[in-house]
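So you can see what is in the structure, the chains are spelled out below.
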Amino acid sequence: MALILIAILSVLLVCTQIVVRNLWKNIAAAKGTGLRYVVVPFPATGAFTFIFNILASIISRKFSIKLWDTFKVITLNDAYHNPRALHDKYGDTFIIVSPFELLFKTCNAELISQIIPRRQDFIKPVQGYAIVAIFGSSLLTTEGEDFRRHKKVVAPSFSESTNRLVFEESLRQAHGIMDFWARAEGNNSNDIKVEDTSADAAVLSFHVICAAGFQLLQFWPGEDRQESKFRRRSSLTRLDKSGSYTLTFKESMDAVVSGLAWLRLFSITSLKRSPFTLHKNLYTAYNDCSKYYRDIFDLKKKEMQSGRNDENRMLDMMEAMVRASVDAPMDGERKPRGVYDPLLSKTEIIGNTFVFFLAGHETTGNSIHFCIVLLATHLEVQRKMQADIDHLLGKDKPLSELSYQQDMPLLFNSMIGAIIKEQLRIVPAILNIPKQATNDHTVTLDGKPLVIPNRAVVHLTSVGTHRNPKYWPSCESKVTPGTNDLNDFVPDRWLLNSIYHRNYYNSNPNLNENEFGDEKPAIKPVQDKTLFDTDTGMFFTPPKGAYIPFSEGMRSCPGKRFAQVEITAVLTGIFQRYTVELDVSEWATDEQVQEMSVEEKKAVYGKAIERARKVLNRCEQVLTLRMRRGDFVPVRFVARGQERFGDL
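One structure accompanies this document, and this report is about it.

Conventions and cut-offs
Residues numbered from 1 in each chain as written. Predicted model: local features only at pLDDT ≥ 70, side-chain atom pairs only at ≥ 80, totals over all residues. Heavy atoms only, no water. Helix = DSSP H or I, 4+ residues; strand = E, 2+ residues; numbered from the N terminus. Contact = heavy atoms within 4.5 Å. Pairing = 2+ DSSP bridges. Axes fitted to C-alpha atoms, helices over the stretch in contact; angles between N-to-C directions. Salt bridge = Lys/Arg side-chain N within 4 Å of Asp/Glu carboxyl O. Buried < 20%, exposed > 50% of the residue type's maximum accessible area, 1.4 Å probe, protein only. Core = buried A, V, L, I, M, F, W, Y, C linked by side-chain atoms within 4.5 Å. Parallel < 35°, antiparallel > 145°, perpendicular 65-115°, else oblique. Nonpolar A, V, L, I, M, F, W, Y, C, P; charged D, E, K, R; others polar.

Comments concerning the environment of C475
Along the chain, C475 turns up in the loop between helix 20 (462–466) and helix 21 (499–507). For the pair C475 and Y500, spaced 25 residues apart in the sequence, the C-alpha separation amounts to 8.1 Å. If near-sequence neighbours (up to four positions away) are discounted, C475 is found in contact with T483, N484, D485, Y500 and Y504.

With respect to the sheet that holds strand 5 (residues 191–194)
One open sheet holds the three strands; their spatial order is 5-13-10, and the pairing between them is antiparallel. One side of each edge strand has no neighbouring strand; the edge strands of this open sheet are strand 5 and strand 10 (578–582). Going from strand to strand, the sheet's axes swing by 20° on average, the running direction of each strand aside. Direction of pairing for strand 10 relative to strand 13 (residues 635–639): antiparallel, over a ladder of five bridges. Looking across to strand 13, one finds that Y578 is bridged to A639.

Regarding the pattern of salt bridges
Applying the stated criterion to the full structure yields 32 salt bridges. A salt bridge links K470 to D92, with the shortest nitrogen-to-oxygen separation between them at 3.0 Å. Within this pair, whereas K470 is found in the loop between helix 20 and helix 21, its partner D92 is found in the loop between helix 5 (85–90) and strand 2 (93–97), the two being separated by 378 residues in sequence. The exposure class assigned to K470 is partly exposed, which follows from its relative accessible area of 45%. The class of D92 is buried, set by a relative accessible area of 12%. The salt bridge partner of D121 is R118, with a shortest N-O separation of 3.0 Å. What makes R118 partly exposed here is its relative accessible area of 25%. It is possible to trace a salt-bridge network through shared partners that takes in D191, E581, D590, R636 and R644.

Structural notes on the pairing of strand 9 (residues 457–461)
Among the five residues that make up strand 9, five are buried, leaving the element largely enclosed by the rest of the structure. Examined bridge by bridge, strand 3 (residues 102–106) and strand 9 share four bridges and lie parallel to one another. Residue pairing across strands places T106 opposite L460, the latter belonging to strand 9. The sheet contact formed by strand 6 (residues 432–437) and strand 9 spans five bridges and is antiparallel. Each bridged residue has a counterpart across the sheet, and for K435 the counterpart in strand 9 is V458.

Here's the deal with unusual backbone geometry
A positive phi is found at D446, a non-glycine position, where the angle reads about 55°. Structurally, D446 can be placed in the loop between strand 7 (441–445) and strand 8 (448–452). The backbone of S551 shows a phi angle near 60°, a positive value even though the residue is not glycine. Within the element layout of this structure, S551 appears in the loop between helix 21 and helix 22 (560–575). With a relative accessible area of 15%, S551 lands in the buried category.

Structural notes on the nonpolar core
Formed by 136 residues in total, the largest nonpolar core has its most connected members in F249, F354 and F637. When residues of this core are assigned to their parent elements, the largest contribution, 14 residues, is made by helix 16 (residues 346–377). Excluding anything up to four places from it in sequence, F637 contacts M178, W181, N190, D191, I192, V194, T197, I372, I574, Y578, T579 and V580. One finds I27, I95, V97 and V443 within the second-largest nonpolar core, a separate group that totals 23 residues.

What about the sheet that holds strand 9?
With mixed pairing, the six strands of this open sheet are ordered in space as 1-2-3-9-6-4. Here the strands that pair on one side only, and so sit at the sheet edges, are strand 1 (37–39) and strand 4 (122–123). Here helix 1 (residues 2–33) sits on the sheet in contact with strand 1, strand 2 and strand 3, set at roughly 170° to strand 2.

Some thoughts on the pairing of strand 6
Within strand 6, six of the six residues are buried, which leaves it mostly tucked inside the rest of the structure. Alternating residues of strand 6 divide into N432, P434 and Q436 and I433, K435 and A437, and every residue in both groups is buried. Relative to strand 6, strand 4 runs antiparallel, the two being bridged by two bridges. Following the sheet pairing, F122 is matched in strand 6 by A437.

Notes on the packing of helix 16 against helix 17 (residues 379–393)
Following both chains from N to C, one finds helix 16 and helix 17 inclined at 110°, their axes separated by 5 Å at the closest point. Considering the angle they form, helix 16 stands roughly perpendicular to helix 17. Residues L375, A376 and T377 of helix 16 form the contact with helix 17, whose own contacting residues are L379, V381, Q382 and M385. Its residues assigned to classes, the contact of helix 16 with helix 17 shows five nonpolar, two polar and no charged.

Put into structure tokens, the structure is as follows:
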């Protein structure tokens, strides 16, 4: 027994010596950079941090405990809850030092713009994305040669033809979601109360990617299944009703996405054998979801082989990948380089398909949800957007007559585009973009050389960068007087011809036109544009590296335009017909509101705004940034012209 105890103590002593030696080594490396640093005794990335953030979220929610700085630096959501607090204290670029690694946190656009294009020097630490590789590797989970192979096949899927389908389907879904809400008890087509728009916004995005991305048509409950251009294409209904599944495709996807944390911590076999109902249900959902993806793949391949997919017909995302995979090796088979073109196996196609659905289901749905809430809290912005829609389309033009080529460029390069850009500036989908040095690499920071050591991790912090006063025009905040408005939702910030920009430059006469980057571009007309273009010169252009909601470079999100088109079409489809207001029924009845003066309306609406801001300010990221579980902002859509707070 004594020998066992001595052995255990010896092992602990050796481990302690290794940890202490590594810590001093990393501290010395941090000191050598000249940057400020914070020392923590535990890993700042990886599984430990993942679990810690889940526990920290639960503890802070239940007990309202404030974390020490030592813990804050590795608390993911603190970067959103207290934007720029750590950067203001330690600098735009600082280091978190642990015995296990060096973690650089930066919101410096100059540094970000150097790291992103150096793909060989700063790679994506793909081991951290294993959580989304549950069905197979994908564009998101690979690096090096594998990444280039995925990119070659996947990138063409996000074409202008796909964007046109996205535009048309998003308009149809915008009409569908409003009709679905109008059919709810107590609602009608002119007055629609919705307690929580987030879940249905995610459903809308799921429908769009099903139909536009994979030509698998989805309907809202009670929707009239009238003739559609997708009618002759594949339908998930055929699969859902085949009797081969326990859950519908949507139900299985929801369960898998909600259970990704469990799927990261436990193997599929462990979940199957677990005595807990939660785990057994998750296994069922995973099994069904996997079978759906394989059946969709087989369906697409069968259609292609039967001649339904002729060479001149527009392909959806999976069809493009399936066509490219025809001559690919079987799963697990590897042939010498040069024997076949860089194609994808069935498992890899399914892995990419899951990532596409996840992005459409999670990130774009959240953006639509946040846009609706932010527009309800900023009625003056909403009115400007509606004025642009009226000017470009008219109030009565049917959605079915809108054209992607003619109307999409005009709509995006209006207040709608500014709203989307500003929403993603203050509520990005991801709080940190991780990179890892492959060797000792030298970059330039504030005009001086900086060596980032081998294997050091670099977090490009979205919120800190998006709210860095070095890179963004700002005025005094109307929400928190005495500070700048970079924490506020101000879409006019993006419009070069807005009063906001004129006021900004008038109040800062010493600023040059290129104060925030390249020379301010001239405003170009968009009337002659025939394709969706995000760079028309209508918008303010921040310096390179200062705006990264979709990342940049080769590893930027391939679905960027897909998302922009979808959100633009949905906002157009909803707000051409409706105005959204915060639901104030907690403080006043409709009759009481009707009798109120303007000042009384401001007071009661101010209470609803304050509640909405509190909810928005405590959003959390598990997979992507979204409202905390159980939080919601109730809203009310009213037919335009019937607004209760239109005079505010």
